[in-house]
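Per-entry structural report
Below are the chains, spelled out letter by letter.
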Amino acid sequence: MAHPRVAIVGATGAVGAIALDVLAQRNFPLASLRLTASPRSVGKRLPFNGEQIAVEATQPGLFADCDIAFISATDAISRDIGAAARAQGCVVVDDSGVWRMDAEVPLVVPEINAGAVAEHKGILSIPNCATTPVAMVLDALRQVARPRRVIAATYQSVTGTGAAALTELEEQVQASAAGGDAPPPEQYPHPIAFNLLPHIGSLQDNGYYSEETKMLNEARKILDDPDLAVSATCVRVPVRLCHSTALNIEFDAPIGAQQARAALRGYAGVTVVDEPANAGYPMPIDCAGRDDVFVGRIREDTALPNGIALWAVCDNLRKGAATNAVQIAEEVIARGAWLR
Ligand SMILES: NC(=O)c1ccc[n+]([C@@H]2O[C@H](COP(=O)([O-])OP(=O)(O)OC[C@H]3O[C@@H](n4cnc5c(N)ncnc54)[C@H](OP(=O)(O)O)[C@@H]3O)[C@@H](O)[C@H]2O)c1
């Protein structure tokens, strides 16, 4: 079978840069690769597999010559360019929140619902980067008992906001070390260095921020469980890379810590690091640059009946974004579902 012609829209961004690495590392089959970004980046050259590829402007007409497009840019680009690419017969794997809850758009974590790829009508979506690891943990554990209720507190890195937020954190840290003042924050409403912001996304009528609502709605869709209850508090932390989550999960039947540990150990894409007596648990600095979801601190919950408490860490730019998107495209190719 011929290889697909591929485009990455937003190739200069935090996710786009990792998508290039992931395509090369997984030896993704490519007939050609085009890279696009905003007008600011046109002409920049990005390394890929020993070549230098020039960044092009993001123009709707480009997709007549592309078979698969990864879109990792802005909501407006995902909406407009995503629709234009689909109309030209290009299969879109979108990273934004624009398409995820559209009934015609499969929301895919291949370890959970790879089969949903076959249903696509031109656009497929990855989940939010805080939702993917939670959904994978729940899918692993539902082999033992059905999760009924989830309380999540996240600790989300600044790269989850994008490349500019990492620069902002580093500038604030450097200014503090030098005893000076950092420029006023632009990416967040408050300084992020040496701080915590319990605020990710836009405020909803019910008092939750949108990132918290995404975890509820997207987990229900991916797991095909409309009755799942999720209450999340999402917190931005001054960490460069990796989102961490403390989870308290109530099940509809008893489940022991050993059973939970075994189910997680047996699940593709999850690595258990659970030796609390030796200070062994997942940490962002160890999980950065890796594809798995790392889980530790697995214990029977003292507050919830039939409950398990645990701690999960995931690289938000890899499994939280680029790796999941590339895995979806691999599923599309395996099914021949990109052929015009
Ligand atoms: N960061 C994460 O952990 C994560 C996880 C899951 C999903 N996502 C989603 O992935 C997408 C990208 O996020 P990111 O963190 O990579 O953001 P980012 O670092 O800010 O990168 C944004 C990218 O979009 C490009 N862009 C901006 N305006 C554009 C325009 N008008 N036309 C064409 N390209 C434009 C930028 O190009 P320039 O460099 O030229 O400005 C850059 O390549 C977002 O939809 C986000 O919600 C992010």
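This write-up is about the structure you can find in this document. (Residues numbered from 1 in each chain as written. Predicted model: local features only at pLDDT ≥ 70, side-chain atom pairs only at ≥ 80, totals over all residues. Heavy atoms only, no water.)

1. Structural notes on the overall build of the protein
Counting secondary structure elements, the protein contains nine helices and 13 strands. Computed over C-alpha atoms, the radius of gyration of the protein comes to 20 Å, within 12% of the 20 Å expected from 2.2 N^0.38 for 340 residues, which places it in the range of a compact globule. In terms of overall dimensions, the protein has a C-alpha envelope of 55 × 55 × 40 Å along the principal axes. A separation threshold of at least 6 residues defines the contact pool for the protein, and within that pool the share at least 24 residues apart is 68%. With the model as given, the accessible surface of the protein reaches about 14,600 Å², and the carbon-plus-sulfur share is 51%. Charged side chains in the protein number 28 positive and 38 negative. The centres of these two groups are separated by 2 Å. (Helix = DSSP H or I, 4+ residues; strand = E, 2+ residues; numbered from the N terminus. Rg over C-alpha atoms; globule rule 2.2 N^0.38 Å. Contact = heavy atoms within 4.5 Å. Areas by Shrake-Rupley, 256 points an atom, 1.4 Å probe, with all protein chains shown as cover. Lys, Arg positive; Asp, Glu negative; His and termini not counted. Charge placed at Lys NZ, Arg CZ, Asp CG, Glu CD.)

2. Quick look at the nonpolar core
Residues Val137, Leu141, Ile249, Leu264, Val295 and Leu310 are the most contacted members of the largest nonpolar core, which totals 41 residues. Three or more residues apiece are contributed to this core by two domains, here domain 1 (5-127 + 321-334) and domain 2 (131-157 + 196-316). By size, the runner-up hydrophobic cluster in this structure holds 36 residues, among which are Leu46, Leu317, Ala322 and Val332. (Core = buried A, V, L, I, M, F, W, Y, C linked by side-chain atoms within 4.5 Å. Buried < 20%, exposed > 50% of the residue type's maximum accessible area, 1.4 Å probe, protein only. Domains from an automatic or database assignment.)

3. Observations concerning the pairing of strand 1 (residues 5-9)
For strand 1, the buried fraction is high: four of the five residues fall into the buried class. As paired elements, strand 1 and strand 2 (residues 32-37) share five bridges and run parallel to each other. Within strand 2, the position partnered with Val6 by the bridge is Leu33. Taken together, strand 1, helix 1 (residues 14-25) and strand 2 form a β-α-β motif whose crossover is right-handed. The pairing of strand 1 with strand 5 (residues 68-71) spans four bridges and is parallel. Bridge assignment links Ala7 to a residue of strand 5, and that residue is Ala69. (Pairing = 2+ DSSP bridges. Right-handed = clockwise from strand over helix to strand, strands pointing away.)

4. Description of a nonpolar patch on the surface
Side chains of Tyr281, Met283 and Ile285 sit close together on the surface and give an oily, nonpolar patch of about 300 Å² of accessible area. Relative to the helices and strands, Ile285 is located in helix 8 (residues 284-287). (Patch = residues over 30% accessible without salt bridge, like charges linked within 9 Å, V, L, I, M, F, W, Y side chains within 5 Å. Salt bridge = Lys/Arg side-chain N within 4 Å of Asp/Glu carboxyl O.)

5. Some thoughts on the side chain of His243
Relative to the helices and strands, His243 resides in strand 10 (residues 243-251). There is a polar contact of 3.0 Å between the side chain of His243 and the backbone nitrogen of Ser157. (Polar contact = N/O pair within 3.5 Å; in protein donor to acceptor, adjacent residues only side chain to side chain.)

6. Thoughts on the site of the ligand
In the region of the ligand, 26 residues are neighbours, and Thr12, Ser38, Arg40, Ser41 and Thr159 sit closest. In this structure, an oxygen atom belonging to the ligand sits 2.6 Å away from a side-chain N or O atom of Ser38. Ser41 is positioned such that a nitrogen or oxygen atom in its side chain is 2.5 Å from an oxygen atom of the ligand. Coverage of the ligand by the protein chains reaches 80% of its 900 Å² of free accessible surface. (Near = heavy atom within 4 Å.)

7. Focus on the packing of helix 4 (residues 131-141) against helix 6 (residues 210-223)
Geometrically, a packed helix pair is captured by the angle between its two axes and the distance between the axes. Two elements in contact, helix 4 and helix 6, have axes whose closest approach is 10 Å; the angle formed by their N-to-C orientations is 45°. Relative to helix 6, helix 4 is oriented oblique. In this structure, the crossing between helix 4 and helix 6 has a hand that is right-handed. Seen from helix 4, the contacting residues are Thr131, Val134, Ala135, Leu138 and Asp139; seen from helix 6, they are Lys214, Met215, Glu218, Ala219, Ile222 and Leu223. Taken together, the residues of the contact of helix 4 with helix 6 break down into seven nonpolar, one polar and three charged. (Axes fitted to C-alpha atoms, helices over the stretch in contact; angles between N-to-C directions. Parallel < 35°, antiparallel > 145°, perpendicular 65-115°, else oblique. Left-handed = near helix turned anticlockwise from the far one by under 90°. Nonpolar A, V, L, I, M, F, W, Y, C, P; charged D, E, K, R; others polar.)

8. Brief notes about the pairing of strand 2
Each regular strand shows side chains that alternate between the opposite faces of the sheet. Note that strand 2 and strand 4 (residues 51-57) share three bridges and pair parallel. Bridge pairing in strand 4 links Leu35 to Val55.

9. Thoughts on the pattern of salt bridges
According to the stated counting rule, one finds 14 salt bridges in the structure shown. With a shortest N-O distance of 2.8 Å, Glu56 and Arg34 are connected by a salt bridge. Pair noted here: Glu56 is in strand 4 and Arg34 is in strand 2, with a separation of 22 residues, a long-range link. Residue Glu56 is classed as partly exposed on the basis of its relative accessible area of 24%. For Glu211, the salt bridge is made with Lys214, and the minimal N-O distance between the two is 4.0 Å. Of this pair, Glu211 and Lys214 both sit in helix 6, three residues apart, which is roughly one turn of the helix. Judged by its relative accessible area of 7%, Glu211 is buried. Among the charged side chains, a salt-bridge network with shared partners connects Arg148, Arg149 and Glu250.

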